[in-house]
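If you want the building blocks of each chain, they are given just below.
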Amino acid sequence: MHQLTLAEIARGLADKKFSSEELTKVLLARITQLDPQLNSFISLTEDLALQQAKAADARRANGESGALLGAPIAHKDLFCTQGIRTSCGSKMLDNFKAPYDATVVAKLAAAGAVTLGKTNMDEFAMGSANESSYYGAVKNPWNLEHVPGGSSGGSAAAVAARLLPAATGTDTGGSIRQPAALTNLTGLKPTYGRVSRWGMIAYASSLDQGGPLARTAEDCAILLQGMAGFDPQDSTSIDEPVPDYSAGLNGSLQGLRIGVPKEYFSAGLDPRIADLVMASVEELKKLGAVIKEISLPNMQHAIPAYYVIAPAEASSNLSRFDGVRFGHRCADPKNLEDLYKRSRGEGFGPEVQRRIMVGAYALSAGYYDAYYLKAQKIRRLIKNDFMAAFNEVDIILGPTTPNPAWKLGAKNSDPVAAYLEDVYTITANLAGLPGLSMPAGFVDGLPVGVQLLAPYFQEGRLLNVAHQYQLNTDWHTRTPTGF
Ligand code: GLN
């Protein structure tokens, strides 16, 4: 049962092959048995899951249907869940029970999804390895000595290990697509404004976007359908109609123009990944796509710009964690300043503290123009590059990451080495564009992802291309040994 995709689960439930309650019990037992190897969950919500599963079964018995009705999922632990610990992977929020549900959580619950638990993540979503979590590192099910990617590493490892069919993640600079690539999943970061950020604990507000992690594009379509849509509670949510993503999966790729940026194939890219990327291009050509070399000339500035903007916004967003209103408070504060200093010093881990310092510095008087303003100008140039490219092509294709999953601890002493792994993913966040990573092969037994980018609100096109690719390849069906 644990091998079933969301689409197969929906069919099984509709045909009464099993109930949501039965499936939920199987998966909860599997998580209890196997997750100690992976550490992909921070909290299991067994009581809630069984209650939601029974309710979904009752709704089906009453004639209701729906692809998510009775479907087991989990949420990255930065989506607020009412009455349930919402830790954001941090000691700061270890004792925080959210007073309300995030819009994404509420929408999926209303559609009948069953929440099995809250998944592990890099602290405050800062990282590409899921090693900065207060709850310990997450392991990659493809090789337990390697990282699963981050920051949605718990969601990725759990889905890859078939502990459940799909989970939510968030992507500020790649945190859905990068762990998807490193664990052989399909992951989609929607257009900025497509999915509500209300109740999603903020890292960098102008970049953050929630989205689905699943094994197939077909399942990402189902989960995105439940997440997307206008939310009056989020002032950056956009009031655009949500198309039927599943209905769009079968469009023909005949004549689809795919752009491959020449800048992607620079020295930093593992040549074996470059070969797999080109093999995926050949596969799409067979389906009727035409390939064109394009250029994204400002791509080289993306990492420096991102690592100014994201920490700047983080330093502002994280100022609310002051030991007074939320989370950790130090013992016996001597005065207000001591309360702030020690609560924050004890509550935040080293990577979060590093980013707050970098961000506060970049925003400080005298440096604002040189760093933050400059980075915003680069952001516009990067967006313009994409706009020009999308005049010529329908989709941009390339690697999701320059390397496969690295060994646990390998980049711990050098944060910049980890930041460089984000080179292919962060441009989409800076421009606000949708992006998808899909499985495209293996290097040394470790999964490799190919990234597709599309114009604003063309999530359906990404899912269509990935689904057609997956009908003709079987990388996404491979299961890690032992799971
Ligand atoms: N690795 C990037 C960072 O550390 C992206 C994280 C994310 O997308 N949440 O900022």
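This section reports on the structure supplied with the text. (Residues numbered from 1 in each chain as written. Predicted model: local features only at pLDDT ≥ 70, side-chain atom pairs only at ≥ 80, totals over all residues. Heavy atoms only, no water.)

In this section: helix α5 (residues 153-160). Of all 8 residues in α5, 8 are buried; the element is thus mostly enclosed. Considered for burial, the residues of α5 that qualify are Gly153, Gly154, Ser155, Ala156, Ala157, Ala158, Val159 and Ala160. Looking at the residues trailing α5, positive phi occurs at arginine 162, about 60°. (Buried < 20%, exposed > 50% of the residue type's maximum accessible area, 1.4 Å probe, protein only. Helix = DSSP H or I, 4+ residues; strand = E, 2+ residues; numbered from the N terminus.)

This part is about the site of the ligand. Within the structure, the ligand sits among 15 residues, and Thr172, Gly173, Ser175, Tyr203 and Tyr306 are positioned closest to it. Serine 128 has a polar side-chain atom sitting 2.9 Å from a nitrogen atom of the ligand. A distance of 2.6 Å separates an oxygen atom of the ligand from a polar backbone atom of glycine 173. Computed on the free molecule, the ligand has an accessible area of 290 Å², of which 99% lies beneath the protein chains in the complex. Among the residues forming the shell around the ligand, the class breakdown is 5 nonpolar, 7 polar and 3 charged. (Near = heavy atom within 4 Å. Polar contact = N/O pair within 3.5 Å; in protein donor to acceptor, adjacent residues only side chain to side chain. Areas by Shrake-Rupley, 256 points an atom, 1.4 Å probe, with all protein chains shown as cover. Nonpolar A, V, L, I, M, F, W, Y, C, P; charged D, E, K, R; others polar.)

Attention now goes to the side chain of aspartate 385. Along the polypeptide, aspartate 385 turns up in helix α12 (residues 369-389). Apart from residues no more than four positions distant in its own chain, aspartate 385 is found in contact with Leu296, Pro297, Asn298 and Met299. (Contact = heavy atoms within 4.5 Å.)

The next point concerns the sheet that holds strand β1 (residues 41-44). Taken together, 11 strands build an open sheet; the order of strands is β1-β3-β2-β4-β6-β5-β10-β11-β9-β7-β8 and the sheet is mixed. The sheet terminates laterally at β1 and β8 (290-294), the two strands that pair on one side only. Looking at each pair of strands side by side, their axes are set apart by 30° on average, direction ignored. In this sheet, strand β3 (residues 114-119) lies alongside strand β2 (residues 72-76) in parallel orientation, the contact comprising 4 bridges. (Pairing = 2+ DSSP bridges. Axes fitted to C-alpha atoms, helices over the stretch in contact; angles between N-to-C directions.)

What follows is about the packing of aromatic side chains. What describes a pair of aromatic rings is the distance from one ring centre to the other and the angle between the planes of the rings. For the structure on display, the rule yields 17 aromatic pairs. Taking the centre distance of 4.0 Å and the plane angle of 10° together, the rings of tyrosine 307 and tyrosine 419 count as stacked. Of the two residues, tyrosine 307 sits in helix α9 (residues 302-317) while tyrosine 419 sits in helix α13 (residues 415-419), which places them 112 residues apart along the sequence. On the basis of relative accessibility, which here comes to 11%, the residue tyrosine 307 falls in the buried class. With a relative accessible area of 13%, tyrosine 419 lands in the buried category. Ring centres 5.3 Å apart and planes at 40° place the aromatic pair tyrosine 368 and tyrosine 372 in the tilted group. Take tyrosine 372: its relative accessible area is 14%, and that puts it in the buried class. Put simply, the rings of Phe96, Phe124, Phe321, Phe326 and Phe348 pair up and form one aromatic cluster. Seen from the ring of tryptophan 406, lysine 411 lies directly overhead, with NZ or CZ sitting 5.0 Å from the centre. (Phe/Tyr/Trp six-rings, centres within 6.5 Å; stacked < 30°, edge-to-face > 60°. Lys NZ or Arg CZ within 6 Å of the ring centre and 35° of its normal.)

Read these as geometric descriptors, not functional statements.
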